[in-house]
Amino acid sequence: MATIVANKEFTGNPRRQLAKLFDVSLKLIVPDEPNVEPLIEPGKFGDYQCNNAMGLWSIIKGKGTQFKGPPAVGQALIKSLPTSEMVESCSIAGPGFVNVVLSAKWMAKSIENMLIDGIDTWAPTLSVKRAVVDFSSPNIAKEMHVGHLRSTIIGDTLARMLEYSKVEVLRRNHVGDWGTQFGMLIEFLFEKFPDTDSVTETAIGDLQMFYKKSKLKFDLDPEFKEKAQQAVVRLQGGDPVYLKAWAKICEISRNEFAKVYQRLRVELEEKGESFYNPYIANVIEELSSKGLVEESKGARVIFIEGFKAPLIVVKSDGGFNYASTDLTALWYRLNEEKAEWIIYLTDLGQQQHFHMFFKAARKAGWLPDDDKTYPRVNHVGFGLVLGDDNKRFRTRSTEVVRLVDLLDEAKDRSKAALIERGKDKEWTPEELDQTAEAVGYGALKYADLKTNRLTGYTFSFDQMLNDKGDTAVYLLYAHARICSIIRKSGKDIDELKKTGKIALDHAAERALGLHMLQFAETVEEACTTLLPNVLCKYLYYLSEEFTKFYSSCQVNGSAEETSRLLLCEATAIVMRKCFYLLGITPVYKL
Ligand code: ARG
């Protein structure tokens, strides 16, 4: 049997590497079934298991096979498995599962390589070249609310994970910057500030308040309403004075949003609804020529199987809407931007809208019928953020929660906790401030990311800032503790990396090493399922495995000191990569 040398590409991805080995074996034992894919999973009894035997048996049993049952298929898979330095042993369990025990030597070598070549060598490779992540996407002149915060946090993490997996990501802020509300906003602006050039943010003050006042006037004053409606026509007709006023309002909002993005360190490129406006008519034309668009009650609509009401694409007044813009943006992303995977983040309340226009796009032949083949679209919906009362999270005044206030409070509270622990006397004011920010914002993000996004969660500063349990604070502490173990050793860790060897002899060392090696497959799973909580869980277990290791294996001053320090360093590196992918800034001392 040929020996397959561990493929460099997968040295940090045992699951992929095993899949390659079992693929060879499958092709050998059932050459007539070329489409059977290897099914490899982390194992209950071994490190991994191959689950092909039962399924394969049901495919071949009627075809006059030589095998007597699934266990025999499993045995044959083992027998034909190419020898590889990564596999220590294989055995059959139950009805034919193949348990695989990895070689500890190979595991140690993989970690040593990562320490030398960097953790980016462990990055998974997805089969997609370019993706759009449409996230955050607040509405101009309205406050960003907690729903937008969720969208921003989850979207940023997905974008980071895809980027790490070598996908080019277009991070799109699809802001609501077009629509009839601009008529009233512009008219109101003209009234309050006849000289629009001189308008500044401070003059307008609170743009949300400005929105409310103009809406009130719109509802109460028919003359104003009339003017506002004309303003929409002028704006959409391209009148430069109106366009200028519109641009001003957008700019003020943009500056407000930017403050939040800067604090959260989230990068986004704005391509708002207005951007797609010039293309809408053609797209609707294309859909009409394909026979998709019908007249209904004065509007132009697309009927979609499974939905009672149709998708309106041209309103009865001839104007375009959210759906026509989204269809056009999808067209643009597929055809102009050549994206293969388009991912949208909004709360689950908008699920129907997405499912409807996705179906319309399939009917138009823009997308394949199933949602696994590329080009592919996914709506990544998420649940509500709840307050203590189990209702939608609001402040006492029942207004929406201002994001900047939340960020301030997270930071203030984490700073107070640090001061209580006397850190203001140990650190410079800058250090204190930076750490408070890293911990506060990290806590906020992690609390959001760790729950399955489909469920809502209750917002609680006390819980997210707790230093025990599954919180960012606990994880940041765990990381800082590892850094301090390394510092206290007095060893130059960069030197050790070059020459030192790792041994995974103790059960706790081996378990920690194995978990580390499951990093790449975890990121891959989080990307393909679009579930960041998968990575959070991984990170939490990593720190648990580390704690078990540290409590049973002496590091500093032991005979295994070099190996164990390298394991500490490798753990810290994997943790930092997780933090990075989750948008959390690591701290080195706490
Ligand atoms: N502006 C919308 C809102 O605040 C979200 C936009 C999401 N993206 C999209 N392509 N529809 O609800």
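Here the structure is a predicted model, which means the values were calculated and not measured.

Enquirer: Could you give an account of the overall build of the protein chain, with specific residues and numbers?
Expert: If you tally the helices and strands in the protein chain, you get 23 helices and 14 strands. Once the C-alpha set of the protein chain is aligned to its principal axes, its extents read approximately 85 × 75 × 40 Å. Taken as a whole, the protein chain presents about 27000 Å² of accessible surface, with 51% of it coming from carbon and sulfur. When the 76 basic and 80 acidic side-chain charges of the protein chain are each reduced to a single mean position, those positions are 3 Å apart.

Enquirer: With reference to specific residues and values, describe the sheet that holds strand β7 (residues 269-270).
Expert: In spatial order, the strands read β7-β6-β5-β11-β12; together these five strands make up an open sheet with parallel pairing. The strands lining the two open edges of the sheet, one partner per strand, are β7 and β12 (376-382). Judged from the five bridges that link them, strand β5 (residues 130-134) and strand β6 (residues 168-173) form a sheet pairing that is parallel. Residue pairing across strands places V133 opposite R171, the latter belonging to β6.

Enquirer: Lay out the nonpolar core with the relevant residues and their values.
Expert: Ranked by internal contacts, the top residues of the largest apolar core, which has 167 residues, are L18, L162, F519 and V574. The element contributing the most residues to this core is helix α23 (residues 561-581), with twelve residues. Setting aside chain neighbours within four positions, we find F519 in contact with I119, W122, Y164, L535, Y538, V574, K577, C578 and L581.

Enquirer: Mind laying out the pattern of salt bridges, listing which residues take part and the relevant values?
Expert: Tallied over the entire structure, the rule returns 40 salt bridges. Two residues, D156 and R171, come together in a salt bridge whose shortest N-O distance is 2.9 Å. In this pair, D156 sits in helix α5 (residues 146-164) while R171 sits in strand β6, placing the two residues 15 residues apart along the sequence. For the pair formed by D156 and R171, the shared burial category is buried. Close ionic contact of E561 with K491 constitutes a salt bridge, the shortest N to O distance being 2.5 Å. Taken together, the positions of E561 in helix α23 and K491 in the loop between α18 (472-489) and α19 (493-499) put the pair 70 residues apart, joining distant regions of the chain.

Enquirer: Requested: an account of the site of the ligand, with residues and values cited.
Expert: Taken together, D134, S137, N139, H148, H174, Y322, D326, Y344, T346, Q350 and F354 make up all the residues around the ligand. Contact distances for the ligand include 2.8 Å between a nitrogen atom and a side-chain N or O atom of Y322. Q350 places a polar side-chain atom, nitrogen or oxygen, 2.8 Å from an oxygen atom of the ligand. Relative to its free-state accessible area of 350 Å², the ligand is covered by the protein chains to the extent of 90%. Among the elements of the structure, α12 (322-335) and β11 (341-347) are those that each provide at least two residues to the shell around the ligand. Per-class residue counts for the shell around the ligand are three nonpolar, six polar and two charged.

Enquirer: Give me the UniProt feature "domain: Arginyl tRNA synthetase N-terminal" (unreviewed entry) in the protein chain: which residues, what numbers.
Expert: The UniProt record annotates "domain: Arginyl tRNA synthetase N-terminal" (unreviewed entry) at residues 16-102. Span residues 16-102 is 39% helix and 22% strand, its end C-alpha atoms 13 Å apart.

Enquirer: Describe the UniProt feature "domain: DALR anticodon binding" (unreviewed entry) in the protein chain, with residues and values.
Expert: Within the UniProt annotation, "domain: DALR anticodon binding" (unreviewed entry) is assigned to residues 475-590. Structurally, residues 475-590 comprises 73% helix and 0% strand, and the distance from its first C-alpha atom to its last is 11 Å.

Enquirer: Lay out the state of the cysteines in plain terms, naming residues and giving numbers.
Expert: In this structure the tally under the stated criterion is zero disulfides. Not engaged in a disulfide, the cysteine C50 finds its nearest cysteine sulfur in C90; these two sulfurs lie 9.0 Å apart. Free cysteine C568: the closest other cysteine sulfur is in C483, separated by 9.8 Å. Judged by relative accessible area, which is 0%, C568 ranks as buried.

Enquirer: Give a description of the packing of aromatic side chains that names residues and reports values.
Expert: Per the stated rule, a full pass over the model turns up 25 aromatic pairs. Look at F190 and Y242: their rings are 5.3 Å apart centre to centre, the planes differ by 80°, and that puts the pair in the edge-to-face class. Here F190 is found in helix α6 (residues 181-192), whereas its partner Y242 is found in helix α10 (residues 240-264), with 52 residues between them in sequence. Here F190 and Y242 have matching classes, each one buried. Aromatic side chains Y276 and Y332 sit 5.7 Å apart centroid to centroid with 75° between the ring planes, which places their arrangement in the edge-to-face category. Pair noted here: Y276 is in helix α11 (residues 273-289) and Y332 is in helix α12, with a separation of 56 residues, a long-range link.

Enquirer: I'd love a proper account of the sheet that holds strand β10 (residues 311-314), names of residues and values included.
Expert: Pairing within the open sheet is antiparallel, and its three strands lie in the order β8-β9-β10. On the outer flanks of this sheet lie β8 (293-296) and β10, each paired with one strand and no other. Strand-to-strand, the axes of this sheet are offset by a mean angle of 45°, without reference to chain direction. Relative to strand β9 (residues 299-302), β8 runs antiparallel, the two sharing four bridges. Bridge assignment links E295 to a residue of β9, and that residue is R300. Against the sheet, α12 engages β9 and β10, with an angle of about 80° to β10.

Enquirer: Help me get a handle on the pairing of β6, residues and values and all.
Expert: Burial runs high along β6: five of the six residues are buried. Taking the sense of rotation as the criterion, the β-α-β connection linking β5, α5 and β6 turns out right-handed. As judged from the two bridges shared by β6 and β7, these two strands associate in the parallel manner. The residue bridging N173 from the neighbouring strand is E270, located in β7.

Enquirer: Give me the lowdown on the packing of helix α4 (residues 104-117) against α23, citing residues and values where you can.
Expert: Across the interface, α4 lies against α23 with an axial gap of 10 Å and an inter-helix angle of 65°. Pair α4 / α23 crosses with left-handed handedness. For the pair formed by α4 and α23, the contact residues are I111, M114 and L115 on the first element and L566, E569, A570, I573 and V574 on the second. Residues of the contact of α4 with α23, tallied by class, amount to seven nonpolar, no polar and one charged.

Enquirer: Could you give an account of the environment of G237, with specific residues and numbers?
Expert: Within the secondary structure layout, G237 lies in the loop between α9 (222-236) and α10. Separated by 321 residues in the primary sequence, G237 and S558 place their C-alpha atoms 77 Å from one another.

Reading the values: rules and limits
- Residues numbered from 1 in each chain as written.
- Predicted model: local features only at pLDDT ≥ 70, side-chain atom pairs only at ≥ 80, totals over all residues.
- Heavy atoms only, no water.
- Helix = DSSP H or I, 4+ residues; strand = E, 2+ residues; numbered from the N terminus.
- Areas by Shrake-Rupley, 256 points an atom, 1.4 Å probe, with all protein chains shown as cover.
- Lys, Arg positive; Asp, Glu negative; His and termini not counted.
- Charge placed at Lys NZ, Arg CZ, Asp CG, Glu CD.
- Pairing = 2+ DSSP bridges.
- Core = buried A, V, L, I, M, F, W, Y, C linked by side-chain atoms within 4.5 Å.
- Buried < 20%, exposed > 50% of the residue type's maximum accessible area, 1.4 Å probe, protein only.
- Contact = heavy atoms within 4.5 Å.
- Salt bridge = Lys/Arg side-chain N within 4 Å of Asp/Glu carboxyl O.
- Near = heavy atom within 4 Å.
- Polar contact = N/O pair within 3.5 Å; in protein donor to acceptor, adjacent residues only side chain to side chain.
- Nonpolar A, V, L, I, M, F, W, Y, C, P; charged D, E, K, R; others polar.
- UniProt positions renumbered as here; feature names shortened; annotations may be inferred.
- Disulfide = S-S within 2.5 Å.
- Phe/Tyr/Trp six-rings, centres within 6.5 Å; stacked < 30°, edge-to-face > 60°.
- Axes fitted to C-alpha atoms, helices over the stretch in contact; angles between N-to-C directions.
- Right-handed = clockwise from strand over helix to strand, strands pointing away.
- Left-handed = near helix turned anticlockwise from the far one by under 90°.

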